[in-house]
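In case you want the letters, here they are:
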Amino acid sequence: MKSFQNFFNEFDYYITPSEIIEFLYCKRFIYYMKCAGISQKEEQRYKVQKGRDIHKLREIQNKNYLRKSINSVNKVIDINLISNVFMIRGKVDEIHTLVNGELAPLDYKFAIYDEKIYSTYKNQLILYGIMIEEIYQKSVKKGFLVYCRNGSKLVEIEINEKDKKNIKNHIDEYKKVIKGYYPKGTKSKSKCLDCCYKNICIK
């Protein structure tokens, strides 16, 4: 499988997977960041920077490694993805061609696997899957996570059509918010404790 860069229009606004994930965590988060223009200063967060360092290291170490356990027959690494249909963009760590001809995104996480798949991780893979299908015109029915703090434990994630439809609906909601709609805040007040916008959020 060859790397492929889809057409990118620099004058259009593209949504990133991290923005959708933040939106699903709390829809007001994106309102303050995008509409009010208040930065979250994520570079100051240790795990964010550590995760980026892990990704850079894996690009070097795993360049030619094919995972037989997932029936991978080929892969490309560090690929920029674009969807001009849904106006999303992102960079995936690896895309694997499986023996049945399907494609599968694989992402490294600086985290410990605790027998639970968090929705943030799964939604990120679903977004990658949507973009991969549009670019390569091949089916994506699963993705993979590698937990770097668990001895590089590999976990398979199903990606079905219902998952893709739900994410596409959330993308539509996101677009409404960045146009100025002020959404309801999260019902889980525990999420507010570590939020960088908690002192300005209108209850």
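The following refers to the structure shown.

### With respect to the sheet that holds strand β5 (residues 153-158)
As summarised here, the arrangement of the five strands in space is β1-β2-β3-β4-β5, forming an open sheet in which the pairing is mixed. Only two strands of the sheet have a single neighbouring strand rather than two, namely β1 (72-83) and β5. For this sheet, the mean angle separating the axes of adjacent strands, direction not counted, is 30°. Where strand β3 (residues 103-109) lies against strand β4 (residues 142-147), four bridges are found, and the strand directions are parallel.

### Focus: the pairing of β4
Among the six residues that make up β4, five are buried, leaving the element largely enclosed by the rest of the structure. With helix α4 (residues 119-136) bridging β3 and the parallel β4, this β-α-β connection has right-handed handedness.

### Concerning the packing of helix α1 (residues 17-25) against helix α5 (residues 161-178)
Where α1 meets α5, the closest approach of the two axes is 10 Å, and the angle between their N-to-C directions is 85°. Comparing their axes, α5 and α1 come out roughly perpendicular. Mapping the contact onto sequence places Glu19, Ile20, Phe23 and Leu24 in α1 and Ile167, His170, Ile171, Glu173, Tyr174 and Val177 in α5. Split by residue class, the contact of α1 with α5 holds seven nonpolar, one polar and two charged.

### Description of the packing of α4 against α5
Viewed as axis vectors pointing N to C, α4 and α5 meet at an angle of 95°, and their least axial separation amounts to 10 Å. Taken together, α4 and α5 sit at an angle that is classed as roughly perpendicular. Counted together, Lys122, Asn123, Ile126, Leu127, Ile130 and Glu133 of α4 and Asp163, Lys164, Ile167, Lys168 and Ile171 of α5 form the full contact between these two elements. Of the residues contributing to the contact of α4 with α5, the split by class is five nonpolar, one polar and five charged.

### Some details on unusual backbone geometry
You will see that Met87, though not glycine, has its phi angle at about 60°, which is positive. Mapping Met87 onto the fold places it in the loop between β1 and β2 (88-98). Phi is positive for Gln137, close to 55°, though the residue is something other than glycine. Relative to the assigned elements, Gln137 resides in the loop between α4 and β4.

### As for α1
Of the residues making up α1, those classed as buried are Pro17, Glu19, Ile20, Ile21, Glu22 and Phe23. As for α1, its buried residues are in contact with α2 (27-35), β2, α4 and α5.

### What to know about α2
For α2, the complete set of buried residues consists of Arg28, Phe29, Ile30, Tyr31, Tyr32 and Met33. Buried residues belonging to α2 abut α1 and α5.

### Some thoughts on the nonpolar core
Core analysis: the largest hydrophobic core is formed by 41 residues, its most contacted members being Leu81, Ile88, Ile95, Tyr136 and Ile171. Elements with a minimum of two residues in this core: α1, α2, β1, β2, α4, β4, β5 and α5. The element contributing the most residues to this core is α4, with 10 residues. Membership of the second largest hydrophobic core comes to eight residues, among which are Ile70, Leu98, Val146 and Cys148.

### Structural notes on the state of the cysteines
Taken as a whole and judged by the stated rule, the model has zero disulfides. Cys196 takes part in no disulfide bond, and the closest cysteine sulfur, belonging to Cys195, lies 5.0 Å away. According to the relative accessible area criterion, Cys196 is partly exposed, its value standing at 37%.

What counts and what doesn't
- Residues numbered from 1 in each chain as written.
- Predicted model: local features only at pLDDT ≥ 70, side-chain atom pairs only at ≥ 80, totals over all residues.
- Heavy atoms only, no water.
- Pairing = 2+ DSSP bridges.
- Helix = DSSP H or I, 4+ residues; strand = E, 2+ residues; numbered from the N terminus.
- Axes fitted to C-alpha atoms, helices over the stretch in contact; angles between N-to-C directions.
- Buried < 20%, exposed > 50% of the residue type's maximum accessible area, 1.4 Å probe, protein only.
- Right-handed = clockwise from strand over helix to strand, strands pointing away.
- Parallel < 35°, antiparallel > 145°, perpendicular 65-115°, else oblique.
- Contact = heavy atoms within 4.5 Å.
- Nonpolar A, V, L, I, M, F, W, Y, C, P; charged D, E, K, R; others polar.
- Core = buried A, V, L, I, M, F, W, Y, C linked by side-chain atoms within 4.5 Å.
- Disulfide = S-S within 2.5 Å.

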